[in-house]
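Working through the structure, step by step
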Amino acid sequence: MLKAPGWEMSIVWYFFLGGIAGGAYFTAAIADNFGSLRDRSVARVGYLLSLPLVAICGVLLIADLGVPARFMNMILHFKFWDPMSIGAWAVGVFGGFTFVSSVLSFTSSDSLASLRRKISLVGMLFGFFLAGYTGVLLSNSAMPFWGDSRLMGALFLASGASTGMAAVALIMFLSGGSAGEGWHKIEVADRFSMIVEVIVLGVFLALLGSAARPITSGHFGPLFWGGLVGAGLILPLVLNFFGGRVRALGAVSAALVLMGGFILRYVVVMSIQG
Amino acid sequence: MARTLAMFTDTSLCIGCRACQVACKQWNELGLEVPEWTGGYQNHAHFTDKTYRLVRFVEAPGAKPNGDLAWLLMSDVCKHCAQAGCLDACPTGAIYRTEFGTVNINQDVCNGCRYCVASCPFGVVSFNEQTGTAKKCTFCNDRIHNGLGPACAKACPTDSIQFGFRDELVAKANKRVETLKGMGFKDAQLYGADSGGFLGGLNAFFLLLAKPATYNLPDNPKLPQRNVVVDSLLSIGSAVLVGLGAMLAFRERGKGGR
Ligand code: SF4
Ligand code: SF4
């Protein structure tokens, strides 16, 4: 009887990239505010990564509308309890924060750097929001499985954190920035996020029970267990413990986390589209 | 708000002629669709962007008072819920409640985000590819604002679909249930008539001859948005955990922060 909304690949990408953008930004903000001067490279990578990603998110969000030219209708009408409404708002506001932080990440002036840190403490809240709200959006629909899951937002947020940190780590590795202490710290932070994600996923599945069947069995089952749980969470978590010393393993771990984050959004969104 | 209007669909009177379905198509200029093979007389299988009234043909073994197979008919439609999931979901304000208590989509405002499609507990709203907007029964918004009843109610030859003030129709419906029970239809019941019941009551409510599940209707549909606070708080909890993890990882040792 129920009807799926027909959200497909562009929404999967939107959820995935939005998670990374949010995760990379709040990681950068935390590194910037609580880390040492040497962690500034981490912060800069995070800020600079979140800017293009949130721009892509905006494009994906608008392009997926039936009437893209009426995008502004969901900005002009503000419903504070509606994830779709505040989500559209948050993408715009967060985009502004990523832009300012990216620009200020090049400053050498102390006062501007301290301004950047203060700004990022506020922007961070929008980063968290962007990473998690998409899950709350799904869990407040009438669809089975989506609507049954109380922890969809929490799971998407943890995944946004782990994928955001993994993306920052991977960029540092590829650009040769993995030599310093920042690399070690981002690896540890990513490890925490992965552990949170594993725990949240476990509770998520336990609470759902048979309602999780669209992803845990049938067509999407192998991808969920093999691609997300096995290769996208457990394996990278194990590799991560060696990533501090053997940097290539840390990079492989980060790449697997990114893959897992994509698979998570993919199985959750597509399994309900029948 | 004006006095709440309603449609009462008494399925015990339905003869399956589909006059309502056709009248709806004609009045709302809904256009043709390719028929579907559903295994029975029903067409289409679901509500679509061009089918707002849909006569369901339900074959229910053992549902007759004497234990025979019951061939149940039900002319289904948007329920115009007092607590409407589609309305709460809509980020543009395109979905609104009229002064008569009905739920309507403003086609000039909808931007086709399709959140309403996923937020109707009855699978009513449908996306139209041509217009890029969401479509559903309007309760003949144009007609009721000009003193006419909905086209489906007007066309129904057996008064299976009745239109009027909600309080009057509910009283009528309750009497009808008693009559049917007296005739041996022990499962005769109203669906959505009780404004203290699920979704605050449906402004298009039904009299059914069997349990809601027999008609593929949810027993106790719930507002999809009821968990938004809990889900958000749990997400914030997750944010605090990963945030603390990152702070621990980046913290300057010995100084406990910057
Ligand atoms: S039945 Fe569905 S489309 Fe109709 S008012 Fe209720 S939630 Fe909205
Ligand atoms: S598709 Fe249109 S009517 Fe439905 S929620 Fe989006 S803007 Fe509102």
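Residues numbered from 1 in each chain as written. Chains lettered and ligands numbered in written order. Predicted model: local features only at pLDDT ≥ 70, side-chain atom pairs only at ≥ 80, totals over all residues. Heavy atoms only, no water.

**Considerations on the overall build of chain A**
Helix and strand content of chain A: ten helices and zero strands. Reading chain A from its N end, one meets helices and strands in the order α-α-α-α-α-α-α-α-α-α. Taking 19 Å as the expected radius of gyration for a compact globule of 274 residues, we find that chain A reaches 18 Å, a close match to that expectation. Here chain A, with 274 residues, has 61% of them falling under the buried criterion. In chain A, once contacts between residues fewer than 6 apart in sequence are set aside, the share between residues at least 24 apart is 75%. Element-wise, carbon and sulfur atoms account for 74% of the exposed surface of chain A, whose accessible area totals about 9700 Å². (Helix = DSSP H or I, 4+ residues; strand = E, 2+ residues; numbered from the N terminus. Rg over C-alpha atoms; globule rule 2.2 N^0.38 Å. Buried < 20%, exposed > 50% of the residue type's maximum accessible area, 1.4 Å probe, protein only. Contact = heavy atoms within 4.5 Å. Areas by Shrake-Rupley, 256 points an atom, 1.4 Å probe, with all protein chains shown as cover.)

**Some details on empty space enclosed by the protein**
As enumerated under the stated definition, the model contains five cavities of 30 Å³ or more in all. Contributing to the lining of the largest cavity are 13 residues, with Trp7, Ile11, Leu61 and Met84 of chain A together with Cys113 of chain B lying nearest its centre. Among the secondary structure elements, those contributing two or more residues to the lining of the largest cavity are helix H1 (9–34) and helix H5 (110–139) of chain A. Element by element, the count of residues in the lining of the largest cavity is highest for H1 of chain A, at three residues. (1 Å grid on protein atoms, 1.4 Å probe; cavity = no way out; pocket = protein on both sides within 12 Å on 5 of 7 lines; lining within 4 Å. Points joined across faces, edges and corners; volume = space filled by probe spheres on them.)

**Brief notes about a nonpolar patch on the surface**
Where nonpolar side chains cluster on the molecular surface, the patch consists of Val229, Leu233, Ile236, Val240, Leu244 and Met247 of chain B and spans about 540 Å² of accessible area. The topology assignment puts Leu244 of chain B in helix H7 (residues 228–250). (Patch = residues over 30% accessible without salt bridge, like charges linked within 9 Å, V, L, I, M, F, W, Y side chains within 5 Å. Salt bridge = Lys/Arg side-chain N within 4 Å of Asp/Glu carboxyl O.)

**Thoughts on the site of ligand 1**
The local shell around ligand 1 holds 14 residues, among which Cys78, Lys79, Cys81, Cys86 and Cys120 of chain B are the closest. Grouping the amino acids of the shell around ligand 1 by side-chain chemistry returns ten nonpolar, two polar and two charged. (Near = heavy atom within 4 Å. Nonpolar A, V, L, I, M, F, W, Y, C, P; charged D, E, K, R; others polar.)

**What about the nonpolar core?**
In this structure, Tyr14, Phe145, Trp146, Phe204 and Val268 of chain A are the most contacted members of the largest nonpolar core, which totals 100 residues. The element contributing the most residues to this core is H1 of chain A, with 15 residues. Composition of this core by domain shows at least three residues from each of domain 1 (5–222) and domain 2 (225–256) of chain B. Apart from the residues lying within four places of it in its own chain, the contact partners of Phe145 of chain A are Met152, Phe204, Leu208, Ala211, Ala212, Pro214, Ile215, Val268, Ser271 and Ile272 of chain A. In this structure, Met7, Leu54, Val103 and Cys120 of chain B belong to the second largest nonpolar core, which totals 67 residues. (Core = buried A, V, L, I, M, F, W, Y, C linked by side-chain atoms within 4.5 Å. Domains from an automatic or database assignment.)

**Considering the domain arrangement of chain B**
Here chain B is described as being made up of domain 1 (5–222) and domain 2 (225–256). Of note, the centres of domain 1 of chain B and domain 2 of chain B, computed from C-alpha atoms alone, are 45 Å apart.

**Some details on the sheet that holds strand S10 (residues 204–208) of chain B**
Residue and element names in this part refer to chain B. If you walk across this open sheet you meet the four strands as S8-S1-S10-S9, and the pairing is mixed. At either margin of the open sheet sits one strand with a lone partner, and together these are strand S8 (161–165) and strand S9 (189–191). This sheet shows a mean twist of 25° between the axes of neighbouring strands, independent of strand direction. Most of the contacts of helix H6 (residues 166–182) go to S8, to which it runs at about 135°, and overall it touches strand S1 (5–10), S8, S9 and S10. (Pairing = 2+ DSSP bridges. Axes fitted to C-alpha atoms, helices over the stretch in contact; angles between N-to-C directions.)

**Considerations on the layout of surface pockets**
Put simply, the largest pocket is a space of about 460 Å³. In terms of lining residues, the largest pocket is bounded by 25 residues, among which Phe128 and Phe129 of chain A together with Ser232, Ser235 and Ile236 of chain B are the most central. Mapped by element, the contributors of at least two residues to the lining of the largest pocket are H1, helix H4 (83–104) and H5 of chain A together with H7 of chain B. Ranked by residue count, the leading element in the lining of the largest pocket is H7 of chain B, at ten residues. The residue makeup of the lining of the largest pocket, split by class, is 20 nonpolar, four polar and one charged. In terms of lining, the second largest pocket is formed by 16 residues, of which the most central are Leu2, Ala142 and Asp148 of chain A together with Lys222 and Arg226 of chain B. Across the lining of the second largest pocket, the residue classes tally to eight nonpolar, five polar and three charged.

**Some remarks on the pattern of salt bridges**
Taken as a whole, this structure holds 13 salt bridges over all chains when the rule is applied. Close ionic contact of Arg150 of chain A with Asp231 of chain B constitutes a salt bridge, the shortest N to O distance being 2.7 Å. You can see Arg150 of chain A sitting in the loop between H5 and helix H6 (152–174) and its partner Asp231 of chain B sitting in helix H7, one on each of two chains. Of the two residues examined, Arg150 of chain A and Asp231 of chain B, each falls in the buried class. The salt bridge involving Arg3 of chain B is made with Asp167 of chain B; its shortest N-O contact spans 3.3 Å. With Arg3 of chain B in the segment before S1 and Asp167 of chain B in helix H6, this pair connects stretches of sequence that are 164 residues apart. Judged by its relative accessible area of 46%, Asp167 of chain B falls in the partly exposed class. It is possible to trace a salt-bridge network through shared partners that takes in Arg38, Asp39, Glu181 and Lys185 of chain A.

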